[in-house]
Amino acid sequence: MAHYDAIVIGSGFGGLYALHHFRDELGLSVRVFDGAGGVGGTWWYNRYPGARVDAPSTPFYAYTFSKDLVDAWDWPETQASQETVLSYLEFVADRLNLRKDIQFNTWVTDARYDDGAQHWTIETHRGEQASAQFLICATGALFVANRPDIPGIDDFAGEIYHTGRWPHDPISFEGKNVAVIGTGSSGMQAIPEIAKTAKHLTVFQRTPQFALPARNRPLTDEEREAFRSNWEDHRGSMIHRGGWPFATTKLRAKEATAEERHRRYQQLWAEGGMHLIINSYRGVLSSEDLNNEISEFVRGKIRETIDDPETARKLMPNYFIGTKRMILDNGYFETFNRPNVSLVDLREEPIETFTPGSIRTYDGEHPIDMLVLATGFDAVSGSMLAINPKGRDGLSLKEKWAERFETCLGATIAGFPNLFMIHGPGSPGVFFTMPLGGERTVNWIGRCISHLRSEGLGAIEATSTAETLWNDEIQGIAERTLYPRTDSWYLGANIPGKPRQFLGHLMGSQYFKRLTEVADTGFEGFVTEAVRHR
Ligand code: N01
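Residues numbered from 1 in each chain as written. Predicted model: local features only at pLDDT ≥ 70, side-chain atom pairs only at ≥ 80, totals over all residues. Heavy atoms only, no water.

A.B. asks: Before we go on, may I ask you to explain the overall build of the chain in this structure?
C.D. replies: When helices and strands are counted, the chain shows 17 helices and 19 strands. Taken over the C-alpha trace, the chain has a radius of gyration of 24 Å; the compact-globule value for 534 residues is 24 Å, and the two agree within 12%. Seen through its C-alpha atoms, the chain measures out along the principal axes to roughly 75 × 60 × 45 Å. Evaluated residue by residue, the chain yields a buried proportion of 61% over its 534 residues. Counted over contacts in the chain with a minimum sequence separation of 6, partners at least 24 positions apart contribute 72%. For the chain, the accessible surface area stands at approximately 21,500 Å², while carbon and sulfur atoms represent 48% of it. (Helix = DSSP H or I, 4+ residues; strand = E, 2+ residues; numbered from the N terminus. Rg over C-alpha atoms; globule rule 2.2 N^0.38 Å. Buried < 20%, exposed > 50% of the residue type's maximum accessible area, 1.4 Å probe, protein only. Contact = heavy atoms within 4.5 Å. Areas by Shrake-Rupley, 256 points an atom, 1.4 Å probe, with all protein chains shown as cover.)

Set out below in structure tokens:
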């Protein structure tokens, strides 16, 4: 059986950087396994029409560890498309010569810790085995597709696609009656594109969503150059400002009049991106009154956009804006003014059943040729549970996480020595720029491995006490905000039966400072074991 210093599962942003850092900077032997046919992780799978980075995007949604990469890649638009991000990751894999250590089309189906040998043994779907002292799970926060259990769905005889598992061959909507279920980030991006060529598109909406205008546009050479020449400042700013190089506002809503606030909302709406949420006034995600005012402002914008008042009524969101993942819109609401698009509000008109050629709701029948499920993911914990590693004494992750997703620092799990997660439950994940967050987590794992090596240690493991304290801390941060008051995948509320628990750390910059402190103080909260001589 092949033995490595580290096995990495996944070759998305996090896994690729882990391979580079461990292999080229720490000198470890590393093998990466990925079930996909190429690098890219989420960007390899999510090829649905309209897929784009739905965060303050390029040039910030990219690796930051190498000025060479910053100089060598020209981002064409402010909001990068899926094709562009995937090409970027392929370019990085080639430039850093990463592919030779990645085994594609290979699913890791099992991982077991051997206490005596202080290492992990993985098994693949082909029955191959490999072992390594360290197992790094770069398995993606949004990987396991949520396929809802709707009555009769298996009887539907037409084409079915999930946005998170979109086929590689082109899909034609031409002349077809298409149904989309789901209006989160993926649905909102796909719907305007599908509507352009479908004969008819029916959108089945369970929860109306807020969105802010993306205002995507080409980047100019001057902008790219300005970014490169101030690169160190930008990077420093991203590290200290929650992952993006934008100062967040210090303004207080109470110190402005209603007219001044409204003017500011208008200005930030015109600017587009996330600015209305992060830059209008302090406390949008913790003050009920301020949030209600901004929510109402955005509802007004939706109302103005939609021609038919009844459709506009159905599209009105009624949760606290920002407490579900904020979506950047490229023409979603306007799509409902097209004659070939209709909206079914599942709160008023639930699905009774699928038939081979239709969706039957309690109010009528919708003949369809194609079903697009934009129904999201078993987020954050799902990809780890799909592997279900077995830790000390054979304890499985499914047993360990049956009631709570306990982790220490969102990166390690008590009872699972030498196992590390990138973007695990309790890490900032999507609340920080993911490529930069991944890099910083990998660097911390690297420090941990170097610490073990230099001290002659064979294993490291979080204590249960550290885990409990960590969980209390992240839940405490979330409870000071409006997030827990909205059902969302942040709380696992989208998956029936999933434990309800806030899955992310909301203060990314503080989180990464904390990781550094833990490493600086010799990994407080962890126990270590000397290398067992065999
Ligand atoms: O998934 P979602 P997503 N019957 O869970 C509905 C990232 N992302 O794939 O709101 C009917 O947000 C569900 O309804 P409700 C981003 O972080 C990034 O869109 O639960 N409807 C909702 O409308 C994002 O947040 C990018 O009531 C059902 C939708 O399906 C995350 O991925 C692009 C249902 C699911 O929305 C997930 O986004 C896209 C059912 N049984 C996504 N079950 C980029 O950066 C679920 N729904 C490019």
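A.B. asks: Help me understand the packing of helix 1 (residues 13–25) against helix 15 (residues 434–455), please; the structure alone is not making it clear to me.
C.D. replies: For any two helices packed against each other, the geometry comes down to the angle between their axes and how far apart the axes lie. Between helix 1 and helix 15, the shortest axis-to-axis distance is 9 Å and the interhelical angle comes to 35°. Crossing hand, helix 1 versus helix 15: right-handed. Here helix 1 contributes Phe13, Gly14, Tyr17, Ala18, His21 and Phe22 to the contact with helix 15, which in turn contributes Pro435, Glu439, Val442, Asn443, Ile445, Gly446 and Ile449. Taken together, the residues of the contact of helix 1 with helix 15 sort by class into eight nonpolar, four polar and one charged. (Axes fitted to C-alpha atoms, helices over the stretch in contact; angles between N-to-C directions. Left-handed = near helix turned anticlockwise from the far one by under 90°. Nonpolar A, V, L, I, M, F, W, Y, C, P; charged D, E, K, R; others polar.)

A.B. asks: What is the right way to look at the site of the ligand in this model?
C.D. replies: Inspection of the region around the ligand gives 26 residues, with Arg52, Asp54, Ser186, Thr207 and Lys324 positioned closest. Residue Asp54 places a side-chain N or O atom 2.8 Å away from an oxygen atom belonging to the ligand. Separating an oxygen atom of the ligand from a side-chain N or O atom of Thr207 is a distance of 2.4 Å. Protein contact buries 88% of the 910 Å² of open area that the ligand shows by itself. Looking at the shell around the ligand element by element, the count peaks at three residues for helix 5 (residues 185–197). A class-by-class count of the residues in the shell around the ligand yields 10 nonpolar, 11 polar and five charged. (Near = heavy atom within 4 Å. Polar contact = N/O pair within 3.5 Å; in protein donor to acceptor, adjacent residues only side chain to side chain.)

A.B. asks: Which parts of the structure should I look at to understand a positive patch on the surface?
C.D. replies: On the surface, a cluster of positive charge is contributed by Arg241, Lys250, Arg252, Lys254 and Arg282. Relative to the helices and strands, Lys254 is located in the loop between helix 7 (231–240) and helix 8 (258–271). On the basis of relative accessibility, which here comes to 84%, the residue Lys254 falls in the exposed class. (Patch = residues over 30% accessible without salt bridge, like charges linked within 9 Å, V, L, I, M, F, W, Y side chains within 5 Å. Salt bridge = Lys/Arg side-chain N within 4 Å of Asp/Glu carboxyl O. Lys, Arg positive; Asp, Glu negative; His and termini not counted. Charge placed at Lys NZ, Arg CZ, Asp CG, Glu CD.)

A.B. asks: Which parts of the structure should I look at to understand the sheet that holds strand 15 (residues 364–367)?
C.D. replies: Each strand in a sheet pairs with another by means of backbone hydrogen bonds, the pair being arranged parallel or else antiparallel. Strand order in the open sheet made by the three strands is 13-14-15, with antiparallel pairing throughout. Only two strands of the sheet have a single partner each, and these edge strands are strand 13 (351–355) and strand 15. In this sheet, adjacent strand axes meet at a mean angle of 20° when their direction is disregarded. Taken together, the four bridges between strand 13 and strand 14 (residues 358–361) define a ladder with antiparallel strand orientation. (Pairing = 2+ DSSP bridges.)

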